[in-house]
Amino acid sequence: MTKIQLLFSLLSLVFVFSCTSNEDEVARQEDEDFLSVEIMPLSYGYSKTSVNTSIYRCNSIASDSKYQFVAYYNERGNIVIAKRFINSKEWNIKETDIWGDCTDAHNSISIALDGDGYIHLSYAQHGNRLKYRKSLEPYSRDFGDLSYMIDSVEEQRVTYPEFYRKNDGNLIFAYRSGYSGDGDLVLNEYDVIEKNGRENMKICLMVKMLEMHTGKCIWTIMMLCFFLGCGEKHRQ
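Below or above, wherever it landed, is the structure these notes cover. Throughout this description, residue numbers start from 1 for each chain and increase along the sequence as written. Thresholds applied to this predicted model are a pLDDT of at least 70 for local features of residues and 80 or more for the giving and counting of side-chain atom pairs; totals over whole chains, interfaces and linings are not thresholded and use all residues. Neither water nor hydrogens contribute to the side-chain values; these are computed over all heavy atoms in the structure.

1. What to know about the nonpolar core
1) Next: In terms of nonpolar packing, the biggest core is built from 19 residues, with Tyr73, Ile79, Ile111, Leu121 and Tyr123 touching the most fellow members.
2) Next: Helical segments are the DSSP runs of H or I of at least four residues, strand segments are the runs of E of at least two, and each set is numbered from the N terminus. For this core, the elements supplying multiple residues, two or more each, are strand S2 (67–73), strand S3 (78–85), strand S5 (110–113) and strand S6 (119–122).
3) Next: Among residues more than four places away in sequence, those in contact with Tyr123 are Tyr73, Ile79, Ile98, Trp99, Ser108, Ile109, Lys131, Arg133 and Leu146.
4) Next: Residues enter a nonpolar core if they are buried and are Ala, Val, Leu, Ile, Met, Phe, Trp, Tyr or Cys, with the set joined through side-chain atoms within 4.5 Å. Categorising residues by exposure relies on relative accessible area from a 1.4 Å probe, with only protein chains included: less than 20% of the type maximum marks a residue as buried, more than 50% marks it as exposed, and the intermediate range marks it as partly exposed. If you look at the next biggest cluster of nonpolar residues, it comprises 12 residues, including Ala112, Tyr132, Met149 and Phe163. Contact definition: two residues touch when any of their heavy atoms are within 4.5 Å.

Below is the structure:
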């Protein structure tokens, strides 16, 4: 072995050791962060299906600088919304009179806070008409009646509702319109100033090609929302 080969081998070992050390440090920090997470019990939830913990669900918690909300079904199938001050460990738990069919794990709850503090709720969606409600007042857990976001024609076969809050406080509401293998990805925008929804974009596509084993096109939705400016677009 020449001196150059020996030097190269030693440098390679140092590099590998350094990378391993950095990876170990990152892993150790992640473990410490995980161990520092505090578990705060709420109340009993529905557990005969995975409706409260389904892979389809991505909006179980909604927060802003003041409050945090958690939504789930209880053992009777009623929606429960827990509320706390963001720096408090005390939860105030309220059972609503809003009911969903928990026997279908697709019927998970999606919850969001807009820039004015109104709670937006969509639930029990599996190829049926949109079930959407908005709180009567900011941070209130009293909701108005069922309503459509845009119109009654489009919002009749809704599955996988998801909310994304933009920097300007508006919400992007994403869902699949149609059925597996024959559906469109719809992106609507809720305007906090106008207090209503408007159609932002409709992507006509074969959803089946994107669903893969998860049964939904979650990554496609996230990427499309990013490119549409969910985190960067501001009101002019």
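2. Here we look at the pattern of salt bridges
1) Next: The salt bridge definition used is simple: a Lys or Arg side-chain nitrogen within 4 Å of an Asp or Glu carboxyl oxygen. Using the criterion set out here, one finds 5 salt bridges in the structure.
2) Next: One salt bridge in this structure joins Asp168 and Lys166, with 4.0 Å as the shortest N-O distance.
3) Next: Asp168 sits in the partly exposed class, given a relative accessible area of 21%.
4) Next: The residue Glu189 makes a salt bridge to Lys166 at a minimum N-O spacing of 2.7 Å. You can see Glu189 sitting in strand S11 (residues 182–191) and its partner Lys166 sitting in the loop between strand S9 (158–165) and strand S10 (171–179), a full 23 residues away along the chain.
5) Next: A relative accessible area of 2% places Glu189 in the buried class.

3. A word on the packing of aromatic side chains
1) Next: Only rings of Phe, Tyr and Trp enter the pairing, Trp through its six-membered ring, and a pair is recorded when the two centres are within 6.5 Å. The plane angle decides the type: under 30 degrees is stacked, over 60 is edge-to-face, the rest tilted. In this structure the tally under the stated criterion is 7 aromatic pairs.
2) Next: Each ring, one from Tyr132 and one from Phe173, has its centre 6.5 Å from the other, and the planes form 40°; the classification is tilted. Here Tyr132, found in strand S8 (residues 132–134), pairs with Phe173, found in strand S10; they are 41 residues apart in sequence, far enough to count as distant.
3) Next: Among the aromatic residues, those joined into a cluster by ring pairs are Tyr67, Phe69, Phe85 and Tyr139.

4. Focus: the sheet that holds strand S1 (residues 61–63)
1) Next: Taken in spatial order, the 4 strands line up as S1-S2-S3-S4 in an open sheet, and their pairing is antiparallel. The open sheet terminates on both sides in strands that have one partner only, identified here as S1 and strand S4 (92–99). For this sheet, the mean angle separating the axes of adjacent strands, direction not counted, is 20°.
2) Next: Note: two strands are recorded as paired if DSSP finds a minimum of 2 bridges between them. Where S3 meets S4, 5 bridges bridge the pair, whose relative direction is antiparallel. In the strand pairing of S4, Ile81 is matched with Lys94. Here an angle of 0 to 180 degrees is reported between the N-to-C directions of two axes, which are lines fitted to C-alpha atoms, with helices fitted over the stretch in contact.

5. Details of the sheet that holds S5
Hydrogen bonds along the backbone pair up the strands of a sheet, which may run parallel or antiparallel.
1) Next: The sheet built from 3 strands is open, its strands ordered S5-S6-S8 with antiparallel pairing. Since the sheet does not close on itself, it has two edges, and those belong to S5 and S8, each with one partner. Mean inter-strand twist for the sheet, computed between neighbouring axes without regard to direction, equals 15°.
2) Next: When S5 meets S6, the two strands line up antiparallel, connected through 4 bridges. Note that in S6 the partner of Leu113 across the bridge is Ile119.

6. Some remarks on the environment of Lys89
1) Next: Looking at the secondary structure, you find Lys89 in the loop between S3 and S4.
2) Next: For Lys89, a relative accessible area of 55% corresponds to the exposed category.
3) Next: Other than its neighbours up to four places away in sequence, Lys89 contacts Glu38 and Met40.

7. Looking at unusual backbone geometry
1) Next: Although it is not a glycine, Ala124 sits at a positive phi angle of roughly 50°.
2) Next: Note on placement: Ala124 falls in the loop between S6 and strand S7 (126–128).
3) Next: The class of Ala124 is buried, set by a relative accessible area of 3%.
4) Next: The phi dihedral of Tyr139 falls on the positive side, at around 65°, and the residue is not glycine.
5) Next: Relative to the helices and strands, Tyr139 is located in the loop between S8 and S9.

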